[in-house]
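# Commentary on secondary and tertiary structure
Residues per chain, in single letters:
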Amino acid sequence: MAPDGQIAAPNVYDAEPIPLAARDEIERLLTSGDLFRYTAPEGAPVALLEQEFADLLGARYALAVASCSAALFLSLKALDLPRGARVLIPAFTFAAVPSAVVHADCVPVLVEVGSNYRVDMADFEAKLHDAQAVMISHMRGHTSDMDAIMALCDARQIPVIEDAAHSLGTTWNGRNIGTIGKVGCFSFQSYKLVNAGEGGILITDDPEIAARAVIMSGAYESNWKKHPGMQNSYMLWQNKLPLYNMRMQNLSAAVIRPQLPLVAERVAKGRFNHDHVAAQLNACDWIDVPPPLAPELRAPDSIQFNLTGDWTDSEALEFQHQAKRRGVHVQVFGLSEGNARAFWNWQFLGDQPDLPHTRAMLMRACDVRLPTRLTRDDLDYIANAIVDAAMAAKT
Ligand SMILES: *Cc1c(COP(=O)(O)O)cnc(C)c1O
């Protein structure tokens, strides 16, 4: 409570605290100095995390690495695409995604994204003919039509990588996101559902992709023997592939493992928070929260909504300003300077064709964090502040 008896604007920036259970394990690791994943003959925290994560998602193999960006990069390298291969990615994603494609010596081809934050399937199909791989970013957890994407790609034998960095716990037709394509990649960066500061993991059922990714992640000499399954494949690839040394260290795994049993609860809480705020925002004529596609059950820790009707850029900026006055930080993706999620800021790609639909969406799409720890009063405060700010900006 603020001193005048009003509820203070909730803090949505701080990350979630780390479960106490992590402390003993970290103490043990600090005492022994056993921080490198390949020192112990077996049972290293990173190896245990890989097993637990694979079991949680229902995948055969998991490889823990330094970040989701590293996982995306290694996934592309593990597909063994020719240099210059064209990789379709949604034009609404985080700059790390086109970056991973560039690092892997491939060429990103940006696909239009609609006002519901999902891949525009007509543009996707039109650009698929000369693509050699597809990387679908479930941006902010919004799932594109994976049935349509997989049908189109399977028919052409084009591999699909899922960037599920921000989608842990989301399901599609009851299936875990990240298990639909050939590879799924997740992030443990602090603003994702599981927080280790930094970290990432990839999952796959394909033994060749797993073997290649393990070697390239930095399993030099015979360290691949500490990864279960498919021993022969590893033998084949050892010393044939470059090492990128993107390994995870044991301290990160010690922070992540006790959070895995909390995922289901965080997903349920996140969904409640999102839907609670969405209902209040949708009651305002100037705001629209796009619904999920029918097969998606989402796991949000933030909310995205569009300013609908007739908004000028200066009115949208005024809305941002009015929300800030009420203590709520709203970001209009396309109106915040240098936003890493606006494709025109990815100057490292050189000249790109314009993407008018994605651009129009980004100029009116807003982003607000809703960490799972928020109380009902916090949520009501945020929803009210957003609605009031919209009314203030439009009058
Ligand atoms: C956070 C994020 C990434 C990058 O994850 P890092 O672990 O920080 O490398 C990639 N894609 C999406 C959609 C993300 O949200």
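Shown above is the structure to which this text applies.
The structure displayed is predicted, hence computed values, not measured ones.

Before going further, it helps to spend a moment on the overall build of the protein. Summing up its helical and strand segments, the protein has 13 helices and 14 strands in all. In summary, the protein has a C-alpha radius of gyration of 22 Å against a globular reference of 21 Å for 395 residues, a match within 12%. The C-alpha extent of the protein, read off along each of the three principal axes, is 70 × 55 × 35 Å. Looking at the protein residue by residue over its 395 residues, the buried ones come to 55%. For the protein, long-range pairs separated by at least 24 residues make up 71% of all intrachain contacts whose partners lie at least 6 apart in sequence. For the protein, the exposed area adds up to about 16,700 Å²; of that, 53% sits on carbon and sulfur atoms.

This part takes up the pattern of salt bridges. All told, the structure shown has 14 salt bridges when counted by the stated rule. Close ionic contact of R118 with E296 constitutes a salt bridge, the shortest N to O distance being 2.9 Å. Here R118 is found in the loop between strand 3 (107-111) and helix 5 (121-127), whereas its partner E296 is found in strand 11 (residues 296-297), with 178 residues between them in sequence. In this structure E296 comes out as buried when scored by relative accessible area, which is 5%. Here D123 makes a salt bridge to K127, at a shortest N to O gap of 2.8 Å. Linking D123 with K127, this pair stays in helix 5, spanning four residues, or about one helical turn. On the accessibility criterion, K127 (22% relative accessible area) is partly exposed. One network of salt bridges, with partners in common, ties together K77, R83 and D105.

The rules behind the values
Residues numbered from 1 in each chain as written. Predicted model: local features only at pLDDT ≥ 70, side-chain atom pairs only at ≥ 80, totals over all residues. Heavy atoms only, no water. Helix = DSSP H or I, 4+ residues; strand = E, 2+ residues; numbered from the N terminus. Rg over C-alpha atoms; globule rule 2.2 N^0.38 Å. Buried < 20%, exposed > 50% of the residue type's maximum accessible area, 1.4 Å probe, protein only. Contact = heavy atoms within 4.5 Å. Areas by Shrake-Rupley, 256 points an atom, 1.4 Å probe, with all protein chains shown as cover. Salt bridge = Lys/Arg side-chain N within 4 Å of Asp/Glu carboxyl O.

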